[in-house]
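One-letter residues, chain by chain:
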Amino acid sequence: PHLAALVLARGGSKGIPLKNIKLLAGVPLIGWVLRAAIDAGVFHSIWVSTDHDEIEKVAKQFGAQVHRRSPEVSQDSSTSLEAIREFLNHHHEVDIVGNIQATSPCLHPSDLIKVADLIQKEGFDSVFSVVRRHQFRWSEVKKGENKMTEPQNLNPAKRYRRQDWPGELYENGSFYFAKRHLIEKGYLQGGKMAYYEMRAEHSVDIDIDIDWPIAEQRVLSFGYFGKEPLKEVKLLVCSIEGCLTNGRIYVTEDHKEMVSYDYRDIVGIDLLKKRGIQVRLISERDCSKTLSAMQLGCVAKVGATNKLQVLKDWQEDMGLSWKEVAYLGNEESDVECLKQAGMSGVPADACAAAQKAAGYICKSRGGCGAVREFAEHIFLLLEKVNSARKQ
């Protein structure tokens, strides 16, 4: 049976404009679940249903196909079921839909693999995700009602200790898998049903966790970053024009060139060095005089016609794996380096090709703190590496 992953991503959002592609820890929100779906390797096709051009662009960057939904199912009042049924009406090859919520960035491929087995091998008609919670519930007393609240799932005289109570299962909204015949009847849950219990730390819902910085910390701690485990970064290679500088060149009357840079980026380089991470610079231009004036104390290669070859030479000379190399670039000439490095980033104003190849898109523009921001991102991921070692 054809199992399709389907992510519903409308352009409209009352809370956060274009929330589905807003950067979360340097990755568009929808990118986190698409990465997990692709790496799970269980879907015959992966789709994003949207009504917005920018969301379509991001979806394709992450390897998904796009279904352009109609205005009729793109309203604030439209339901997920309506959008899924429309999708099925246009894709008769699909037998099972795995509706994955774009707002669940801590989803892991291992979860999707197990759910696919439940519905394909064990014969369930629908499977949905839940999380276990240990919360005591009380009845609501509306204003003006002359009555007392009542306990719903506890005896106040014999309150459970957490370790003595298994808790309760709640839908966490991460995904809903269902076979075509159920959806066509108007159900996402029905027939032979099963739930799949996700780990609490993976149950992050941006619709609830509206404090974006908190959500970013959760994703950095518990999100899925790719098939290979993260390793400690030992080398950062940074493109000079457009990353360390803003790419502008000022020419004086006596034909001397000047560039500007942000002191925050210099601090970022110093912090990386103090953490034992080498920083090397690369440029297609011969800007040796500029580098000398900046006095950064970094190994640099200027006039580099083949940046990837320079990067490979440095990686081999230092005896590093690619997972130990980070790269910050912004132009098409950086694309292959961004793809090769274990950790890659671009400033906010990088070209489209570079943004597509990068794993992290800075909020800062080139020459305006992007290097410092990427350094902070590296430090956060190193914390994740160290945490995994301790475990």
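Let me sum up the structure you'll find in this document. (Residues numbered from 1 in each chain as written. Predicted model: local features only at pLDDT ≥ 70, side-chain atom pairs only at ≥ 80, totals over all residues. Heavy atoms only, no water.)

Considering all chains together, one arrives at two cavities of 30 Å³ or more under this definition. Approximately 60 Å³ is the volume found for the largest cavity. Lining the largest cavity are I240, E241, T245, G247, R248, I249, V259, R285, C287 and T290. Across the lining of the largest cavity, the residue classes tally to four nonpolar, three polar and three charged. (1 Å grid on protein atoms, 1.4 Å probe; cavity = no way out; pocket = protein on both sides within 12 Å on 5 of 7 lines; lining within 4 Å. Points joined across faces, edges and corners; volume = space filled by probe spheres on them. Nonpolar A, V, L, I, M, F, W, Y, C, P; charged D, E, K, R; others polar.)

Moving on: the packing of aromatic side chains. Evaluated as defined, the whole model comprises eight aromatic pairs. Between the aromatic rings of F175 and F177, the centroid separation amounts to 5.6 Å while the plane-to-plane angle is 85°, which identifies the pairing as edge-to-face. Assessed through its relative accessible area of 0%, F175 is described here as buried. When its relative accessible area of 0% is taken as the criterion, F177 is described as buried. Between F175 and Y196, the ring centres sit 6.1 Å apart and the planes meet at 40°, which makes this aromatic pair tilted. (Phe/Tyr/Trp six-rings, centres within 6.5 Å; stacked < 30°, edge-to-face > 60°. Buried < 20%, exposed > 50% of the residue type's maximum accessible area, 1.4 Å probe, protein only.)

Below, the discussion takes up helix α2 (residues 53–61). Among the residues making up α2, those that are buried are I55, E56, V58 and A59. Viewed along the axis of α2, the buried residues span an arc of 165°, placing them on a single side of the element. Where α2 is buried, its residues contact β3 (27–28), α1 (29–40), β4 (45–50) and β5 (65–68). Looking one or two places after α2, you find G63, whose phi comes out positive at around 95°. (Helix = DSSP H or I, 4+ residues; strand = E, 2+ residues; numbered from the N terminus. Arc of directions from axis to C-beta. Contact = heavy atoms within 4.5 Å.)

Of all the eight residues making up strand β7 (residues 126–133), six are buried; the element is thus mostly covered by neighbouring parts of the structure. Relative to strand β8 (residues 168–179), β7 runs antiparallel, the two sharing seven bridges. Each residue of the ladder has a partner; that of V131, found in β8, is Y170. In this sheet, strand β9 (residues 193–198) lies alongside β7 in parallel orientation, the contact comprising six bridges. Note on β9: the bridge partner recorded for V130 is E197. (Pairing = 2+ DSSP bridges.)

Keep in mind these values describe shape, not function.
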